[in-house]
Amino acid sequence: MNRLKIISGHLCPSGAWDHGQDLWRQDCGSVGVSSSRGSSDPDDVVVVHGVRTAICKAKRGAFKDTTPDELLSTAMTAVLKEVGLSPEQLGDICVGNVLQPGAGALVVRVSHFLSGFPESVPVYTVNRQCSSGLQALLNIAGAIRSRTINLGLACGVESMSLRSMENPGDLSSRLMDIDKARDCIIPMGITSENVAERYGISREKQDAFALSSQQKAAHAQSTGVFDQEVVPVSTKLVDADGGERQVIVSKDDGIRAGTTLAGLSKLRPAFKADGSTTAGNSSQVSDGAAALLIGRRSAVEARGLPVLGVLRASAVVGVPPDLMGVGPAYAIPVALERAGLTVADVDVFEINEAFASQAVYCVEKLGIPMEKVNPNGGAIALGHPLGCTGARQVVTLLNELKRRGRRAYGVVSMCIGTGMGAAAVFEYPGP
């Protein structure tokens, strides 16, 4: 039975991850910022504004022919234009990416110039897999806290149409001799099956969660909830005969408004013949980009910029690679403890729906009321463009908190391939 304990002054997970005979225990590594609840410190790391592109189905959606530098350029340009800030005032830019060579280092510099940014503004990339977009924000926050910069952009981008997940890179053959190393290359779908089997997450629960995600996202889209966070992208689409046409893309195209429980229940297991993980209760592979303007509160207020949210704490922890989906169940408590908050204090949890199995487990493990989880749907409905997702979640979270019109707290969290979890706590300060 898993439990939490204090290690080196932090709330950390430990537990019996029983693989038949071994007792697995972990210490946690965490990174983050702690701040008093509701305080207003000149050195607070604050989010000024954030935007995202639509999230579109990989290889068959509206961005199937759009390069990631174009997606990223659209988001980067829009976030500054909408607050009236010139790019010369940025101290640094960090972009999360997973699939491009070198985590997209060349791609983001090209995007930088496509956006008309001056060469004097630096840019770099980060790859912490599914949390890359969030890690980009944490990296910029770290530079602000260390007084290296006052303002920066945190972004995420992924084209899963143009790059696949099939090449794991150059690995030693010795990995087959080390259990944990070998587990790092287990297909993600099988890790979902492992979580479902280990913790008794039924197919019925998974399908019900997937249906809820689709219904919430469809409602949000139909009522215009996403309009304030999505920036239109002008791009081209190439048809089967090679013909090109110019389109404006401003709507997520993975949402299936007509999804039913009966339809989900008819889908075959996608990864294991007798499994419970299907295409319907898993995240969609997708294309998209997001960008957030981050700054030190004093610098932001001096420029007359708004404060959309305050970063209160963050954490990254390690979990077993073969059960990677449980990451949020262990990262969230660490981040909440650092923020001086409990689950009950949080209004909205944006937990990435890599798979319904792992999302359901994490929600149940932490005792989070389901109405607080992904109120506008998650990756099962919207899609999961790997490097973009963490940044997209922050954009969606802060806009949702703002709509509530009062001071509120929110959490962004996700599991991470190879066995990790990440979480960040944000405060919306109120109107």
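This is a predicted model, so every value here is computed, not measured.

Draft legend 1. Layout of the side chain of Ser 159. On the secondary structure map, Ser 159 appears in strand β7 (residues 151–159). A relative accessible area of 1% means that Ser 159 is categorised as buried. Apart from the residues within four sequence positions on either side, Ser 159 is in contact with Thr 66, Pro 68, Leu 99 and Asp 287.

Draft legend 2. Seen up close, the packing of helix α3 (residues 132–145) against helix α12 (residues 389–403). Two elements in contact, α3 and α12, have axes whose closest approach is 4 Å; the angle formed by their N-to-C orientations is 75°. In terms of axis orientation, α3 runs roughly perpendicular to α12. Side by side, α3 and α12 meet where Gly 133, Leu 134 and Leu 137 of the first sit next to Gly 390, Ala 391 and Val 394 of the second. Per-class residue counts for the contact of α3 with α12 are four nonpolar, two polar and no charged.

Draft legend 3. Structural context of the packing of aromatic side chains. Going through the model one piece at a time under the given rule, you end up with two aromatic pairs. In this structure, Arg 52 packs its charged tip against the face of Phe 226, placed 5.0 Å from the ring centre.

Draft legend 4. Up close: unusual backbone geometry. In this structure, Lys 59 is a non-glycine residue whose phi angle is positive, near 70°. Mapped onto the elements of the fold, Lys 59 is located in the loop between β4 (56–57) and α1 (68–81). Assessed through its relative accessible area of 54%, Lys 59 is described here as exposed. Even without being a glycine, Thr 418 presents a positive backbone phi close to 80°. On the basis of relative accessible area, Thr 418 is assigned to the partly exposed category, the value being 28%.

Cut-offs used in this document
For every chain, the first residue of the written sequence is number 1, and numbering continues from 1 along that sequence. The predicted origin of the model limits local features to residues at a pLDDT of at least 70 and limits the giving and counting of side-chain atom pairs to 80 or more, whereas totals for whole chains, interfaces and linings rest on all residues. The side-chain quantities take in all heavy atoms of the structure and omit both hydrogens and water. Helix and strand definitions here come from DSSP, where helices need a minimum of 4 consecutive H or I residues and strands a minimum of 2 consecutive E residues; each element is numbered from the N-terminal end. Summary of the burial criterion: residues with accessible area below 20% of their type's maximum are buried, those above 50% are exposed, and those between are partly exposed, where the area comes from a 1.4 Å probe applied to protein chains only. Pairs of residues are marked as contacts when any of their non-hydrogen atoms sit within 4.5 Å. Axis angles are defined between N-to-C directions and span 0 to 180 degrees, where every axis is a line fitted to C-alpha atoms and, for a helix, only to the segment in contact. Every angle not falling under 35 degrees, over 145, or within 65 to 115 is termed oblique; those three ranges are roughly parallel, roughly antiparallel and roughly perpendicular. Throughout, the ten residues Ala, Val, Leu, Ile, Met, Phe, Trp, Tyr, Cys and Pro are labelled nonpolar, Asp, Glu, Lys and Arg are labelled charged, and all others, Gly among them, are labelled polar. Two rings belonging to Phe, Tyr or Trp (six-membered ring only in the last case) form a pair when the distance between their centres is within 6.5 Å. Interplanar angles under 30 degrees mark stacking, angles over 60 mark edge-to-face geometry, and anything in between is tilted. For a Lys NZ or an Arg CZ to count as sitting over a ring, it must be within 6 Å of the ring centre and within 35 degrees of the ring normal.

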